[in-house]
Amino acid sequence: MKTQVAIIGGGPSGMLLSLLLHREGIESVVLERRTKEHVLGRIRAGVLEQGLVGLLERVGCADRLHAEGYVHDGTLISYGDEMFRIDFVEHTGRPVIVYGQTEVTRDLYAAREAAGGPMVFEVEDVAINGADTDACHVTWRTPGGTARLDCDFVAGCDGFHGVSRRSIPAALRKDYEKVYPFGWLGVLSETRPVNDELIYANSPRGFALCSMRNERLSRYYIQCSLDDRAENWSDADFWEELKARIPAGQAATLETGPSIEKSIAPLRSFVTEPMRWGRLFLCGDAAHIVPPTGAKGLNTAASDVHYLHEALADHYATGSTAGIDGYSQKALRRVWKAERFSWWFSGLLHRYPDQSDFDLKMQIAELEFLRSSPAAQKALAENYVGLPY
Ligand code: FAS
Ligand code: PHB
């Protein structure tokens with residue numbers, strides 16, 4: 001087989017890139033390790049920046065998003081029983097859209113299939129060969145032997161545990177990492193959301209987040225120990241702990257019910273530099289990870305895809321290599337700003353085991369300053385709705 005761009009990974013990054021390239025008449029093949037059903041069964045992000053919405057509109061994948069997504073003009077931040085609102089539209093003129101990543105991915109798959117774009121599922125032992133030569137190709141194991149895909153370029157969209165990042169020689173790459181001493185226990189329940197906007201809660205018992213997918217589907221998170229296991233948490237224990245971390249007025253109206261999904265995600269900040277080696281380009285979680293506090297994971301994957309699509313389209317249209325040569329530096333400039341915001345917002349809201357009483361006083365002082373300062377709120381809003389591409 002031969003194609004122009006081999007895309008490793010059929011998550012949001014890989015699928016969005018394949019559709020943007022298709023609009024330019026650039027061929028690609030998507031190689032996905034799992035089944036389509038497995039990919040579409042993942043519960044992940046919930047908040048979309050306007051930049052990602054614009055890209056989904058460009059590839060004709062925003063109809064359901066606009067019909068079923070929720071426009072959020074702001075968010076709530078609580079500490080103890082105190083609560084205040086950050087008005088995104090007042091400070092930036094822009095809202096965010098609440099629409100689950102699961103649905104985004106479903107829409108991307110439908111569009112790829114409608115376009116007849118080739119996808120190969122359940123690929124095993126994918127290997128990237130000759131990325132630093134003119135004989136670049138990808139191989140993988142099949143029940144009958146080994147398959148080969150010759151290509152001009154490889155887009156590594158295979159997430160944090162994929163093969164792409166590891167295919168860049170360690171001597172040519174530098175990793176930056178911060179592992180957080182806690183995780184997030186997430187629950188999905190068919191209940192009415194406790195509020196019509198998200199609540200980010202700082203509490204003496206730890207962080208909590210109240211989010212949603214629709215009027216009868218709520219998404220909640222509580223900070224938990226890295227030793228915790230989702231199966232160790234009964235629904236009743238989860239609801240009791242969540243109520244203890246949000247303002248009493250909200251806890252009193254919280255509708256509880258059976259969890260239909262319960263899982264723990266570890267938190268880390270991670271970036272690998274560069275995001276390009278020869279004909280291999282990394283996008284999304286393959287190159288960087290953020291704690292989900294700032295809702296930047298999926299949204300920063302989107303800006304990578306935007307930059308790579310532009311670079312490849314320019315190359316195929318003009319023969320220029322300026323775009324592809326500048327991709328890594330351009331993408332990393334926005335990646336690091338997303339890393340900073342996610343790290344800062346996580347520091348503001350979580351309990352860290354090594355925090356002193358003074359540190360806790362600083363957290364409350366920062367929250368009080370944020371509550372009282374339009375300038376501080378504008379800075380948070382600009383980052384949350386999405387910095388410019
Ligand atoms: P993904 O990891 O989504 O997709 C990579 C794809 O590559 C997967 O389908 C995988 O099966 C495939 N793959 C892996 N190795 C392969 C190989 N060797 N060959 C072929 N295919 C391979 N972000 C938020 O903004 N908010 C959240 O609340 C949030 N929650 C999250 C919870 C969890 C448990 C995780 C892991 C992430 C969460 N994220 C969240 C971040 C998440 O949304 C990512 O940013 C987003 O999925 C990035 O998309 P991709 O870069 O496509 O990577
Ligand atoms: C979610 O709804 O899953 C969600 C929303 C905002 C975040 C993280 C997760 O910061």
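Residues numbered from 1 in each chain as written. Chains lettered and ligands numbered in written order. Predicted model: local features only at pLDDT ≥ 70, side-chain atom pairs only at ≥ 80, totals over all residues. Heavy atoms only, no water.

1. Here we look at the environment of Val96
Here is step 1: Tracing the chain through its elements places Val96 in strand E7 (residues 96-98).
Here is step 2: On the basis of relative accessibility, which here comes to 2%, the residue Val96 falls in the buried class.
Here is step 3: On a C-alpha basis, the gap between Val96 and Leu108 in space is 19 Å, while along the polypeptide they are 12 residues apart.
Here is step 4: In this structure Val96 touches Val47, Leu48, Tyr70, Val71, His72, Phe88, Tyr384 and Val385, once residues within four positions along its chain are discounted. (Helix = DSSP H or I, 4+ residues; strand = E, 2+ residues; numbered from the N terminus. Buried < 20%, exposed > 50% of the residue type's maximum accessible area, 1.4 Å probe, protein only. Contact = heavy atoms within 4.5 Å.)

2. A closer look at helix H6 (residues 101-114)
Here is step 1: End to end, H6 covers 20 Å across 14 residues, agreeing with the expected 20 Å (1.5 Å per residue, within 8%).
Here is step 2: The set of residues buried in H6 consists of Gln101, Thr102, Val104, Thr105, Asp107, Leu108, Tyr109, Ala111 and Arg112.
Here is step 3: Looking one or two residues beyond H6, the residue adopting positive phi is Gly116, at roughly 70°. (Expected span 1.5 Å × (residues − 1).)

3. Examining the site of ligand 1
Here is step 1: With respect to spatial proximity, 30 residues lie near ligand 1, and among them Ser13, Glu32, Arg42, Arg44 and Gln101 are the closest.
Here is step 2: Residue Leu298 places a main-chain N or O atom 3.1 Å away from an oxygen atom belonging to ligand 1.
Here is step 3: For ligand 1, the accessible surface in isolation is 990 Å², of which the surrounding protein chains cover 85%.
Here is step 4: Listing elements by their share of the shell around ligand 1, those giving two or more residues are helix H1 (12-23) and helix H10 (297-318). (Near = heavy atom within 4 Å. Polar contact = N/O pair within 3.5 Å; in protein donor to acceptor, adjacent residues only side chain to side chain. Areas by Shrake-Rupley, 256 points an atom, 1.4 Å probe, with all protein chains shown as cover.)

4. Some thoughts on the pairing of strand E2 (residues 28-31)
Here is step 1: Burial of E2 is two-sided: the residues Ser28 and Val30 facing one way and the residues Val29 and Leu31 facing the other way are all buried.
Here is step 2: In the sheet, strand E1 (residues 2-8) pairs with E2 via four bridges, with the strands oriented parallel. Note on E2: the bridge partner recorded for Val5 is Ser28.
Here is step 3: Between E1 and its parallel partner E2, the chain crosses via H1, and the hand of that crossover is right-handed. (Pairing = 2+ DSSP bridges. Right-handed = clockwise from strand over helix to strand, strands pointing away.)

5. Brief notes about the site of ligand 2
Here is step 1: Around ligand 2 lies a shell of 14 residues, among which Tyr200, Ser211, Arg213, Tyr221 and Pro292 are the nearest.
Here is step 2: Ser211 is positioned such that a nitrogen or oxygen atom in its side chain is 2.6 Å from an oxygen atom of ligand 2.
Here is step 3: A distance of 3.0 Å is found between an oxygen atom of ligand 2 and a backbone nitrogen or oxygen belonging to Thr293.
Here is step 4: Summarising the interface, the protein chains cover 98% of the accessible area of ligand 2, which totals 280 Å² for the free molecule.
Here is step 5: Counting residues per element, the ones that place at least two in the shell around ligand 2 are strand E14 (208-214) and strand E15 (217-224).
Here is step 6: Among the elements that make up the shell around ligand 2, the one with the highest residue count is E14 (three residues).
Here is step 7: Considering only residue class, the shell around ligand 2 consists of eight nonpolar, three polar and three charged.
Here is step 8: Looking at which domains feed residues into the shell around ligand 2, each of domain 1 (5-70 + 97-177 + 268-346) and domain 2 (180-267 + 350-385) supplies at least three. (Nonpolar A, V, L, I, M, F, W, Y, C, P; charged D, E, K, R; others polar. Domains from an automatic or database assignment.)

6. Section: the nonpolar core
Here is step 1: By size, the foremost hydrophobic cluster in this structure holds 69 residues, and its most contacted members are Leu16, Leu48, Leu56, Val138 and Val154.
Here is step 2: When near neighbours in sequence (up to four residues on either side) are disregarded, Leu16 contacts Leu52, Leu55, Leu56, Val59, Leu108 and Val305. (Core = buried A, V, L, I, M, F, W, Y, C linked by side-chain atoms within 4.5 Å.)

7. Re the layout of surface pockets
Here is step 1: Computed from the structure, the second largest pocket encloses a volume of approximately 300 Å³.
Here is step 2: Lining the second largest pocket, in full, are Lys178, Trp343, Trp344, Gly347, Leu348, Tyr352, Asp354, Gln355, Asp359, Met362, Gln363 and Glu366.
Here is step 3: Put simply, the parts of the chain that give the lining of the second largest pocket at least two residues each are helix H11 (322-349) and helix H12 (357-372).
Here is step 4: By residue class, the composition of the lining of the second largest pocket is five nonpolar, three polar and four charged. (1 Å grid on protein atoms, 1.4 Å probe; cavity = no way out; pocket = protein on both sides within 12 Å on 5 of 7 lines; lining within 4 Å. Points joined across faces, edges and corners; volume = space filled by probe spheres on them.)

8. A short note on the domain arrangement of the protein chain
Here is step 1: The assigned domain composition of the protein chain is domain 1 (5-70 + 97-177 + 268-346) and domain 2 (180-267 + 350-385).
Here is step 2: Taken together, the contact between domain 1 and domain 2 spans 25 residues of the former and 23 residues of the latter.
Here is step 3: Both sides of the domain 1 and domain 2 interface together cover about 2,000 Å² of buried area, and 62% of this is carbon and sulfur.
Here is step 4: The three residues of domain 1 that bury the most area against domain 2 are Ile43, Tyr70 and Ser346, which together make up 26% of that side's buried surface.
Here is step 5: Linking domain 1 to domain 2 there are zero salt bridges.
Here is step 6: Where domain 1 meets domain 2, there are nine residue pairs in polar contact (both at pLDDT 80 or more).
Here is step 7: Counting only elements with at least two residues in the side of domain 1 that touches domain 2, the list comes to strand E16 (259-273) and H11.
Here is step 8: For the side of domain 1 that touches domain 2, the element with the most residues is H11, which contributes seven residues.
Here is step 9: Each residue belonging to the side of domain 1 that touches domain 2 can be placed in one class, and the counts come to 12 nonpolar, seven polar and six charged. (Buried area = accessible area lost by both parts, 1.4 Å probe. Salt bridge = Lys/Arg side-chain N within 4 Å of Asp/Glu carboxyl O.)

9. Brief notes about the packing of aromatic side chains
Here is step 1: As enumerated under the stated definition, the model contains 21 aromatic pairs in all.
Here is step 2: A centroid spacing of 5.1 Å and a plane angle of 85° characterise the contact between Phe160 and Phe270, whose relative ring orientation is edge-to-face. Here Phe160 is found in the loop between strand E11 (145-156) and helix H7 (164-167), whereas its partner Phe270 is found in strand E16, with 110 residues between them in sequence. Per residue, the accessibility class of Phe160 equals that of Phe270, and both read buried.
Here is step 3: One aromatic cluster is present, formed by Phe88, Trp184, Tyr200, Phe207, Tyr221, Phe341, Trp344, Phe345 and Tyr384 through successive ring pairs.
Here is step 4: Sitting over the ring of Tyr176, Lys174 keeps its end group 5.0 Å from the ring centre. (Phe/Tyr/Trp six-rings, centres within 6.5 Å; stacked < 30°, edge-to-face > 60°. Lys NZ or Arg CZ within 6 Å of the ring centre and 35° of its normal.)

10. As for the sheet that holds strand E12 (residues 174-189)
Here is step 1: Ordered by their spatial adjacency, eight strands build an open sheet running E6-E5-E13-E14-E15-E12-E16-E19, and the pairing between neighbours is mixed. Each of the sheet's edge strands pairs with one partner strand only, and the pair in question is strand E6 (82-87) and strand E19 (288-289).
Here is step 2: Where strand E13 (residues 199-202) lies against E14, three bridges are found, and the strand directions are antiparallel. Along E14, the bridge assignment pairs Ala201 with Ala208.
Here is step 3: Lying on the sheet, H11 is in contact with strand E5 (74-79), E12, E13, E16 and E19; it crosses E16 at an angle near 125°. (Axes fitted to C-alpha atoms, helices over the stretch in contact; angles between N-to-C directions.)

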